[in-house]
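One letter stands for each residue in the lines below.
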Amino acid sequence: MATKRGEAKVRPGAPADADLTAALPWYRLMLVARRFEEEAERAFRRGKIGGYLHLYSGQEAVAAGFLAVLRPDDIFFTAYRDHAHAIFRGTPAEAVMAELFGRQTGAVKGKGGSMHIFDVGRGFYGGYGIVGGHIPLATGAAYALRYQGTDRICLCFLGDGAMNSGSFHEPVNMAGLWGRDGMCPIVYIVENNRYAMGTAVDRSTAVTDLASKFGIHGIAHERVDGQDFLEVQRAARRITAQVRETGRPYAVEAVTYRFAAHGAADLFQPYRTKEEVEAWKARDPILLLEQALRAAGLLDDERVEELRREAEEVVAAAVRYAEESPEPPPEELTRDVYAP
Amino acid sequence: MAAVTTYREALRATLMEEMDRNPAVVLLGEDIGVYQGTFRITADFLSRYGPRRVIDTPISELGFIGAAIGMAMLGLRPVVEVMTWNFSLLAADQILNNAAKLRYFSGGQVEVPLVIRGPNGAGVQLSAQHSQSLEALYAHFPGLLVAVPATPADVRGLLLTALRGRDPVIFLENAALYGVKGEVPEGDAALPFGQAEVMRYGRDVTVVAYSRMVHLALAAAEQLAREGVEAEVINLRTLRPLDGETVIRSVRRTHRAVVVQEQWKPFGAAAEIAAIISEEAFDLLDAPVERVTGADVPMPYARNLELLALPHEQDIVTAARRTLYRQ
């Protein structure tokens, strides 16, 4: 097992390599995703968004790093912290925000809300609310891709909390089995943000080396610094190529941190200290990428300001769109229960 | 043209026919391949279709039913065998929270053309954990279809519809019926869901049943006929959708109804059917709707107690007589 932890490589004066140049649009997308979450939380406080609202702030480099290298015809699944995944894949922020607002123009017509964003046209197969419940689906989907004779692959994002459920171990064992025949081209990406709601990893599992848990199911695995977009992206490029080639599953534990509360409704966080949160903010994935891009001469104050303003505008437009969109018509209530 | 075949052979032949016709059909389940299937429904399938289409799974109901849902989302047509429906409870979250709801919460972007099949209900002396009838549980959930075939013709017709449909189907077989013979029409004999069959016509009392209970109802009707009571026997074929219309049409003539189920009485299928009759034919009833059900206890092991816990032909006869105010 290759365990890798690295700091962001800030190399003053270093020449811009291809990775860095390609990272610029992802810096912009990460700004949009962050701004999106901030505005969603504000709308939640204003009572514009109901139900649960789980924000991805702090974890952006994980999904961005992998989705940056995913082929357009590949697919992916995730849990309920899913807004950023959609935005990174190109789902208009308007459609995601309208979904949170429960509008007809939402990503799933106002029928799923925050936890069930789907964009199947872009390979995003959801958005699931039961912890771990999507892992079997993604595993079967990966089998189907191979069965159909394609070289498409499937990504399955999951949280550290999901790894203590049967929904994790059962399908991952099957992926290990199917992988022996090259029939399971899936990458499991553990977004280890250290807390399953309020329960720290070391309070919920005796084995805190989460990547190693894939080993007992015969799946190769490694750990990456989930705050470092460039490191995640490099690993993702290598891993996805290998999985596409072999049809064998692979697992990555991305060590990351959630800046926001578990859900927007959580006013208190007795399970962690403010100091801990602040310490992690020094390793804000957007900040780290920004530093790397500045060091490479690809960003300066002016450009950063411009991109931030642009992100604000994109999200402000999404909020306006959501507010102005109609509610789903009453006929929508009984649609999509069965095939028409 | 019709050929006589068994319930098991109808299952096998229909699965094979669809697998030959449609390469998207794959089978998953415990011991369906090398072992040839606990009830030999899939005997020889592995050698015929290979391990990519006949997938022996670990004992991981949650895992393989969930994986089958994922396969269905990507356009395959998985058919999962549960060794018995009792074990499906291990996958309840996958069936109820994913298969049943995916079309809805994805705003119609995803569909789950999945069939889960296997024996439901009591066997012989299998006791509490292996004898349950779970149809009411699954029929409760919008998004699922629930088929309850009673005859080989039902098996073929309903399975063809299930395998060509676009929604998840809970296909409840009955192990006691696997050897039952019956005529099966050849050719495209797909039976639409939500169409009950009147198996026997009668003017005095309507007996509504499904799955194995249809056979008890038919035997009871024979006995009643000898007493001069003409019972009409309705085989529901599917519980979701439920063909209330055929039931109401019959009750309109008989003014009496007995509903039969193997499962426990509270909150069961019979309660739903009785409610539909009272909602739509209240004024036509000459007697309260009778329910014949299993005893409200976990299934005991001892044969004498087990027999007491299951509904019998005689219970239906007695219930029918009660609706006619006869002793």
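Residues numbered from 1 in each chain as written. Chains lettered and ligands numbered in written order. Predicted model: local features only at pLDDT ≥ 70, side-chain atom pairs only at ≥ 80, totals over all residues.

**Observations concerning the confidence of the model for chain B**
Here is the rule we go by: Every residue gets a pLDDT, meaning the predictor's confidence in that residue, from 0 to 100.
Across chain B, pLDDT averages 97, with 100% of residues at or above 70. Per the prediction output, this complex has pTM 0.96; the corresponding ipTM is 0.96.

**Observations concerning the interface of chain B and chain A**
Put simply, the test is: Here the contact rule is simple: place C-beta atoms from the backbone, and any two residues whose C-beta atoms are within 7 Å are in contact. Put simply, DSSP marks the helices as runs of H or I at least four residues long and the strands as runs of E at least two long, and each gets a number from the N terminus on. Gly counts as polar in this scheme, as do all residues outside two lists: the nonpolar Ala, Val, Leu, Ile, Met, Phe, Trp, Tyr, Cys and Pro, and the charged Asp, Glu, Lys and Arg.
Counting residues at the interface gives 34 residues for chain B and 32 residues for chain A. The set of elements that each furnish at least two residues to the side of chain B that touches chain A consists of α3 (61-73), α4 (92-99) and α5 (102-105) of chain B. No other element matches the 10 residues that α3 of chain B contributes to the side of chain B that touches chain A. Looking at the side of chain B that touches chain A residue by residue, the classes come out as 14 nonpolar, 14 polar and six charged.

**Remarks on helix α9 (residues 244-254) of chain B**
Residue and element names in this part refer to chain B. This is how the line gets drawn: With C-beta atoms placed from the backbone, the exposure class of a residue follows from how many other C-beta atoms lie within 10 Å of its own: 20 or more, buried; 12 or fewer, exposed; in between, partly exposed. Starting at the helix axis, one direction is taken to each C-beta atom, and the arc is that of these directions.
Inspection of α9 places T246, V247, S250, V251 and T254 among the buried residues, and these make up the whole buried set. Buried positions in α9, seen along its axis, are confined to an arc of 130° and lie on one side of it. The inward-facing, buried residues of α9 abut β9 (197-200), β10 (205-209), β11 (231-235), β13 (257-264) and α10 (269-281).

**Regarding the domain arrangement of chain B**
Residues and elements named next belong to chain B. For clarity, the threshold we go by: Start and end positions for the domains come from either an automated domain assignment or a database one.
Domain boundaries assigned for chain B yield domain 1 (2-185) and domain 2 (197-323). Once you take the C-alpha centre of each, domain 1 and domain 2 turn out to be 26 Å apart. In this complex, domain 1 contributes 23 residues to the contact, which on the side of domain 2 involves 23 residues. Elements with a minimum of two residues in the side of domain 1 that touches domain 2: α6 (135-139), β6 (145-147) and α7 (152-164). Considered class by class, the residues forming the side of domain 1 that touches domain 2 number 15 nonpolar, six polar and two charged.

**So, the packing of helix α2 (residues 60-67) of chain A against helix α8 (residues 229-246) of chain A**
Residues and elements named next belong to chain A. Quick note on the threshold: Comment: axis = line fitted to C-alpha atoms, over the contacting stretch for helices; angle = value between 0 and 180 degrees taken between N-to-C directions. In this scheme the handedness of a crossing depends on how the near helix is turned from the far one: anticlockwise by less than a right angle means left-handed, clockwise means right-handed.
At a minimum axis distance of 8 Å, the contact between α2 and α8 shows a crossing angle of 35°. Our pair here, α2 against α8, has a crossing hand that is right-handed. Note on element contacts: α8 touches α2 through F229, V232, Q233 and A236, opposite A61, V62, A64, G65 and F66.

**Points about unusual backbone geometry**
If a residue is not glycine, its phi is most likely negative; likewise, a peptide bond is most likely trans. Omega for the peptide link from G126 of chain A to G127 of chain A comes to 10°, which places this bond in the cis form. Position of G127 of chain A relative to the elements: it lies in strand β3 (residues 124-127). The peptide bond linking R240 of chain B to P241 of chain B adopts the cis configuration, its omega dihedral lying at 0°. The backbone phi angle of Q36 of chain B is positive, close to 80°, even though this residue is not glycine. Here Q36 of chain B lies in the loop between β2 (25-29) and α2 (45-49). Even without being a glycine, S211 of chain B presents a positive backbone phi close to 50°. Positionally, S211 of chain B belongs in the loop between β10 and α8 (212-226). The class for S211 of chain B is buried, based on 29 C-beta atoms found within 10 Å.

**Overview of the packing of α3 of chain B against α4 of chain B**
All names here are of chain B. Just so we agree on the cut-off: Any angle that is under 35 degrees is reported as roughly parallel, and any over 145 degrees as roughly antiparallel; angles of 65 to 115 degrees are reported as roughly perpendicular and all others as oblique.
At a closest axis distance of 8 Å, the pairing of α3 and α4 adopts a crossing angle of 25°. As the angle between them shows, α3 and α4 are arranged roughly parallel. Two secondary-structure elements touch here, α3 through L62, I65, G66 and I69 and α4 through D93, Q94, I95, N98 and A99. Counted by class, the contact of α3 with α4 contains five nonpolar, three polar and one charged residues.

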